Amino acid sequence: MNSISKVILLSATIGLGACTALETDKVDYRSAAKAPRLDVPPDLTQLNKDTPYTVVGGAVSANATKTTQAVTEKSDVAALAVGDVRIERAGNQRWLVVNRPAEKLWEPVKDFWQENGFLLALDQDKLGIMETDWAENRAKLPQDFLRASLGRLLDSFYSTPERDKFRTRLERDSNGNTEIFISHRGMVEVYTADRSNETVWQPRAADPELEAEFLRRLMVKLGVSQEQSKALVANSVTKQVATVTSLNGQPVVQLDEGFDRAWRRTGLALDRTGFTVEDRDRKQGVYFVRYQELTSDKAEPGFFSKMFSGTKANVALKYQIAVRSAGEKSTISVLDANGNPETTAVAQKIVKVIADDIK
């Protein structure tokens, strides 16, 4: 075999290896710590710390939960367990239920995100919420011959037009278990319509499959094997159960589910869609949030100088998101800061955002 043939063979081997790596691992945030740190909006750094891991009122007993075998609670929701960890799914939302105190899970979950290459921009154990900084998924970089050959030596010269951040929420349920929710938020860099040399960053849809992958990895961190975690994520079914309607002149979301599941799914939808959840009262069925509309403004391009350049924010207003249930039917509505029903166009937008995410 001559030298030219050897070079061609080597190139093919390296290229095949790069493709295989890309197919087997779609997530790689190892470079996140090297990215310029982005400012956290002020309303995310001043949350109330007085309600640690909100618990439903009444006695709590871990003995009421079976965690040693797989179970199915409803035809549209699969709940599968390995040891003291199980995953539940409803619609396009998934979450973990772990039979351990929330206080004992906080540090392992925190370590999990750091081990996966993220910096934490929000770390509030009293509220049960942590949030990563914006990061780049390096697995989406093109694996051409030059980069496959030189690896990270050229990493600083490559970048993708997307950024991701993840919020993790820990909450106790009525049986003493800890529910862990992971929600994704993404931004994408696009060229402005009027100037081809300028870009702005715009929100992109949450990725449920990316959330599922990190839930699976977190299961492994908590003691589930790789094979078991993949099986648990795969063994779930889905069904659309949310509709937007009007009740007494007020826009609402109606769910074919009881309170516990409706409460969980509403909280995850709020985390995913960018609301600032300042507090929550599960006993009363109320989330206290800030909501702020964004309008287009192309005069402020750039990403690292201002994360939300390209958008002009209105004043953030306070609302209450109420979850009311009767049997296996629940209604989600919007109240103003004083608890009065909201019938405005903003309320209509909020319920549509929640319903779209829950579906």
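None of these values were measured; they are calculated from a predicted model.

(A) Representation of the sheet that holds strand β10 (residues 242–247) in the model. Judged by pairing direction, the sheet is antiparallel, and its six strands sit side by side in the order β10-β11-β17-β16-β13-β12 without closing on themselves. Across the chains shown, the open sheet's two edge strands, defined by having one partner strand only, are β10 and β12 (276–281). Across the sheet, the axes of successive neighbouring strands diverge by a mean angle of 25°, strand direction being ignored. Pairing geometry for β12 and strand β13 (residues 286–291), over five bridges, is antiparallel. Bridge pairing links D281 to V286 in β13. Contacting β11 (250–255), β12, β13, β16 (317–326) and β17 (329–336), helix α6 (residues 259–272) crosses the sheet at an angle of about 155° to β16. On the sheet, helix α7 (residues 345–358) packs against β10, β11, β13, β16 and β17 and is oriented at approximately 15° with respect to β11.

(B) Main features of the pairing of strand β6 (residues 129–132). Neither face of β6 is left uncovered, since the one carrying I129 and E131 and the one carrying M130 and T132 both have all their residues buried. Pairing geometry for strand β5 (residues 120–124) and β6, over four bridges, is antiparallel. When the bridges of β6 are listed, L120 appears paired with T132. The antiparallel pairing of β5 with β6 creates a hairpin that spans four residues between the two strands, and G128 there sits at a positive phi of about 80°.

(C) A look at the pattern of salt bridges. Tallied over the entire structure, the rule returns 30 salt bridges. Close ionic contact of K329 with D256 constitutes a salt bridge, the shortest N to O distance being 2.8 Å. Here K329 is found in strand β17, whereas its partner D256 is found in the loop between β11 and α6, with 73 residues between them in sequence. A relative accessible area of 39% places D256 in the partly exposed class.

Conventions we followed
- Along every chain, residues carry numbers that run from 1 in the direction the sequence is written.
- Per-residue local features of the predicted model are confined to residues with pLDDT of at least 70, and side-chain atom pairs are confined, for both listing and counting, to 80 or more; whole-chain, interface and lining totals are unaffected and use all residues.
- The basis for every side-chain value is the complete set of non-hydrogen atoms in the structure, without hydrogens or water.
- Between any two strands, at least two bridges found by DSSP are needed for them to pair.
- Here a helix means four or more residues in a row that DSSP labels H or I, a strand means two or more in a row labelled E, and each is numbered from the N terminus.
- Helix axes use the C-alpha atoms of the stretch in contact, all axes being lines fitted to C-alpha atoms, and the angles between their N-to-C directions lie in the range 0 to 180 degrees.
- Two residues qualify as a contact provided that any one of their heavy atoms is within 4.5 Å of a heavy atom in the partner residue.
- Only protein chains enter the calculation, and the probe is 1.4 Å; a residue is then buried if its accessible area is under 20% of its type maximum, exposed if over 50%, and partly exposed in between.
- Definition used for salt bridges: Asp or Glu carboxyl oxygen within 4 Å of a side-chain nitrogen of Lys or Arg.

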